[in-house]
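These are the residues of each chain, in order.
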Amino acid sequence: MGEQPIYTTRAHVFQIDPTTKKNWVPASKQAVTVSYFYDSTRNSYRIISVDGTKVIINSTITPNMTFTKTSQKFGQWADSRANTVFGLGFASEQQLTKFAEKFQEVKEQAKLARDKSQEKVETLSNHSQSESGRDTPSTNQASSINGTDDEKISHVGPEAALLQSENERLKSAVEQSNTNAKKWETELQTLRENNARLVDALQESSANVESWKKQLSACKEESDTLRNKIAELEAQCNEANQERQKNAQLTVRVKELEAELQEKEQELENLRKQAEIIPQLMSECESITSKLQAAETRNKELEGRIEGLQLDIDDSRQKQGNMKIELKKLMDVLDGKLDELQEFRQGLSKLGADN
């Protein structure tokens with residue numbers, strides 16, 4: 001069957017910086033597919049992730065591995081064979097929890113597979129030892145039979161050959177087991193060394209977490225400061241809007257004043273046109289004044305005549321009746337003239353006041 005995917009998710013992939021062992025280096029520009037694969041022929045589990053044509057995670061899971069949650073959406077594990085630490089950033093805490101649970105499940109399966117493999121090796125080793133103990137007496141028995149009885153050789157020979165081949169197979173299995181044991185001891189030593197390095201890296205990561213917490217606190221303080229500045233800027237914007245409204249009102253008022261100014265200018269122009277008529281009115285006034293002076297002179301003459309008439313009254317009693325009638329007529333005419341003169345003076349004075 002080969003390898004088959006048993007669980008798939010998406011996450012941002014990171015690797016620890018090989019030089020500093022502190023900082024995370026992004027292995028993918030965006031979230032990529034991360035899958036658990038099971039190899040039925042080797043009875044092994046791997047985590048594989050591919051970005052385009054580049055394999056960014058190829059980690060075989062062993063019972064010694066541990067997946068650690070460092071935040072609500074980030075987890076990591078160390079791979080001693082790849083000599084690195086992988087980190088995954090998920091979109092939600094639920095995805096991280098499912099991935100961690102699957103890692104623990106696969107880790108238990110890998111442990112069971114290792115235990116079964118060790119039991120099989122021990123069984124093969126014990127079987128090879130027991131078969132090697134049986135090999136010598138069978139050979140001696142065959143040699144003794146070969147020296148005494150030719151009939152029995154034909155019956156014992158195939159069984160001894162079968163045992164001989166099984167013994168050789170078991171010896172090769174034991175040698176292979178010993179070779180694998182040495183290899184596993186070497187890998188175990190390497191794993192211990194890598195585990196020590198990973199512990200140091202984990203401690204450094206913890207220190208980095210504290211540093212990141214301090215940086216987060218500083219960022220929060222800076223965020224609060226920026227929020228206060230934004231509030232101040234919003235207040236300033238509100239004041240600016242109020243100033244704009246005031247400017248709009250002032251603009252409307254200026255337009256109204258300009259309209260009023262145009263009306264006043266029109267009135268001034270009309271007054272200028274009326275002022276052009278004033279010389280004509282002045283000439284008419286002078287003419288009326290001359291007529292008034294002539295009327296006053298005539299009035300004085302009439303008054304002199306009245307005095308003369310009064311002197312003549314005494315002399316001409318006889319003509320008094322006729323003279324009274326004439327005088328009365330003359331006085332009526334004079335009163336009318338005086339009334340006209342008075343009205344003319346009043347009109348003249350009003351005209352002068354208007355000018």
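A quick note: this is a predicted structure, and the numbers were derived from the prediction, not measured. (Residues numbered from 1 in each chain as written. Predicted model: local features only at pLDDT ≥ 70, side-chain atom pairs only at ≥ 80, totals over all residues. Heavy atoms only, no water.)

## Looking at helix 3 (residues 278-315)
Rule in force here: Under the scheme used here, helices are H or I runs from DSSP no shorter than 4 residues and strands are E runs no shorter than 2 residues, and both carry numbers assigned from the N terminus. Helices are assigned an expected span. That span is 1.5 Å times one less than the residue count. Burial status follows relative accessibility: with a 1.4 Å probe on protein chains alone, a residue under 20% of its type maximum counts as buried, one over 50% as exposed, and anything between as partly exposed. By definition, residues are in contact when any of their heavy atoms lie within 4.5 Å.
Over its 38 residues, helix 3 extends 55 Å from the first C-alpha to the last, a length consistent with the 56 Å expected when each residue adds 1.5 Å. Considered for burial, the residues of helix 3 that qualify are Leu292, Asn299, Leu302 and Ile306. Where helix 3 is buried, its residues touch helix 4 (320-354).

## Considerations on the confidence of the model for the protein chain
Going by this rule: Residue-level confidence of the predictor is summarised by pLDDT, bounded by 0 at the bottom and 100 at the top.
Confidence in the prediction for the protein chain averages 80 pLDDT; 79% of positions are at 70 or higher. Element-level mean pLDDT values for the protein chain span from 70 in helix 1 (residues 93-148) up to 94 in strand 8 (residues 84-89). Segment residues 135-156: pLDDT under 50, and 9 contacts once partners within four positions in sequence are set aside and those in other chains are kept.

## Overview of unusual backbone geometry
Although it is not a glycine, lysine 21 sits at a positive phi angle of roughly 60°. Relative to the assigned elements, lysine 21 resides in the loop between strand 1 (3-16) and strand 2 (24-26). With a phi close to 55°, asparagine 83 is a non-glycine residue in the positive phi region.

## Notes on the packing of helix 3 against helix 4
For any two helices packed against each other, one specifies the inter-axial angle together with the distance between the axes. Heads up, the rule is: For helices, the fitted axis covers only the stretch in contact; all axes are lines through C-alpha atoms, and the angles between them, taken along N-to-C directions, range from 0 to 180 degrees. Just so you know how the angles are binned, under 35 degrees is roughly parallel, over 145 roughly antiparallel, 65 to 115 roughly perpendicular, and the rest oblique. Crossing handedness is defined as follows: a turn of the near helix away from the far one that is anticlockwise and smaller than a right angle gives a left-handed crossing, while the clockwise case is right-handed. As a working rule, the residues Ala, Val, Leu, Ile, Met, Phe, Trp, Tyr, Cys and Pro are called nonpolar, Asp, Glu, Lys and Arg charged, and the rest polar, with Gly in that last group.
Viewed as axis vectors pointing N to C, helix 3 and helix 4 meet at an angle of 155°, and their least axial separation amounts to 11 Å. On the basis of the axis angle, helix 3 is roughly antiparallel to helix 4. Where helix 3 crosses over helix 4, the handedness of that crossing is left-handed. Packed against helix 3, whose contacting residues are Cys285, Ile288, Thr289, Leu292, Glu296, Asn299, Leu302, Ile306, Leu309 and Ile313, the element helix 4 presents Gln320, Met323, Met331, Leu334, Leu338, Leu341, Phe344, Arg345 and Leu348 at the interface. Among the residues making up the contact of helix 3 with helix 4, the classes are represented as 14 nonpolar, 3 polar and 2 charged.

## Remarks on the nonpolar core
The condition is simple: Residues belong to a common nonpolar core when they are buried Ala, Val, Leu, Ile, Met, Phe, Trp, Tyr or Cys residues joined through side-chain atoms within 4.5 Å.
Counting residues in hydrophobic clusters, the biggest one holds 22 residues, and the most contacted among them are Ile47, Ile57, Trp77, Leu88, Phe99 and Phe103. At the level of elements, strand 1, strand 3 (32-39), strand 4 (44-51), strand 5 (54-60), strand 8 and helix 1 are the ones that each hand at least two residues to this core. Of all the elements, helix 1 adds the most residues to this core, at 6 residues. Apart from residues lying up to four places away in sequence, isoleucine 57 is in contact with Val13, Ile47, Ile48, Ser49, Trp77, Phe86 and Leu88. Among the nonpolar cores identified, the runner-up in size contains 5 residues, and Ile16, Trp24, Ala78 and Val85 belong to it.

## Looking at the pattern of salt bridges
Quick reminder of the rule: Each salt bridge in this description consists of a side-chain nitrogen of Lys or Arg and a carboxyl oxygen of Asp or Glu lying within 4 Å of one another.
The final tally for this structure, using the stated rule, is 7 salt bridges. Put simply, glutamate 105 and lysine 102 hold a salt bridge, and the shortest N to O gap is 3.7 Å. With a gap of 3 residues between them, glutamate 105 and lysine 102 both fall in helix 1, about one helical turn apart. Note on lysine 102: relative accessible area 17%, which makes it buried.

## Digging into the side chain of threonine 9
Take threonine 9: it is sitting in strand 1. Setting aside anything within four residues of it in sequence, one finds threonine 9 in contact with Val32, Thr33, Val34, Phe90, Gln95 and Phe99.

## A short note on the pairing of strand 1
Put simply, the test is: Strands pair, by our definition, only if DSSP identifies at least two bridges between them.
Direction of pairing for strand 1 relative to strand 3: antiparallel, over a ladder of 8 bridges. The residue bridging threonine 8 from the neighbouring strand is serine 35, located in strand 3. Judged from the 4 bridges that link them, strand 1 and strand 8 form a sheet pairing that is antiparallel. Residue pairing in the sheet places phenylalanine 14 in a bridge with glycine 87 of strand 8. As defined by bridge partners, strand 1 adjoins strand 2 across 3 bridges and the pair is classed as antiparallel. Bridged to phenylalanine 14 within strand 2 is proline 26.

## A few points about the packing of aromatic side chains
Rules: Centre distance within 6.5 Å is the pairing criterion for rings of Phe, Tyr and Trp, where only the six-membered ring of Trp is used; planes under 30 degrees apart are then read as stacked, over 60 as edge-to-face, and the remainder as tilted.
Within this structure, the stated rule accounts for 12 aromatic pairs. Look at tryptophan 77 and phenylalanine 103: their rings are 6.0 Å apart centre to centre, the planes differ by 50°, and that puts the pair in the tilted class. Highlighted residues: tryptophan 77 in strand 7 (residues 74-79) and phenylalanine 103 in helix 1, separated in sequence by 26 residues. Like phenylalanine 103, tryptophan 77 is buried.

## Here's the deal with the pairing of strand 3
Across 6 bridges, strand 3 lies against strand 4 in antiparallel orientation. What sits directly across from tyrosine 38, in strand 4, is tyrosine 45. Where strand 3 hands over to strand 4, the hairpin turn is made up of 4 residues, of which asparagine 43 adopts a positive phi near 55°.

## Thoughts on the environment of leucine 88
Position of leucine 88 relative to the elements: it lies in strand 8. Taking C-alpha positions, leucine 88 is 5.7 Å from phenylalanine 74, a pair spaced 14 residues apart along the chain.

## Thoughts on a negative patch on the surface
Worth spelling out the cut-off: Patches here are clusters of residues that have more than 30% relative accessible area and form no salt bridge, with a 9 Å joining cutoff for like charges and a 5 Å cutoff for nonpolar side chains (Val, Leu, Ile, Met, Phe, Trp, Tyr). Residue-level accessible areas treat just the shown protein chains as cover; the underlying method is Shrake-Rupley with a 1.4 Å probe. Positive charges come from Lys and Arg, negative ones from Asp and Glu, while His and the chain ends are left out of the count. For charged residues, the charge sits on one atom: NZ in Lys, CZ in Arg, CG in Asp, CD in Glu.
Side chains of Asp332, Asp335, Asp339, Glu340 and Glu343 sit close together on the surface and give a patch of like negative charge. Relative to the helices and strands, glutamate 343 resides in helix 4.

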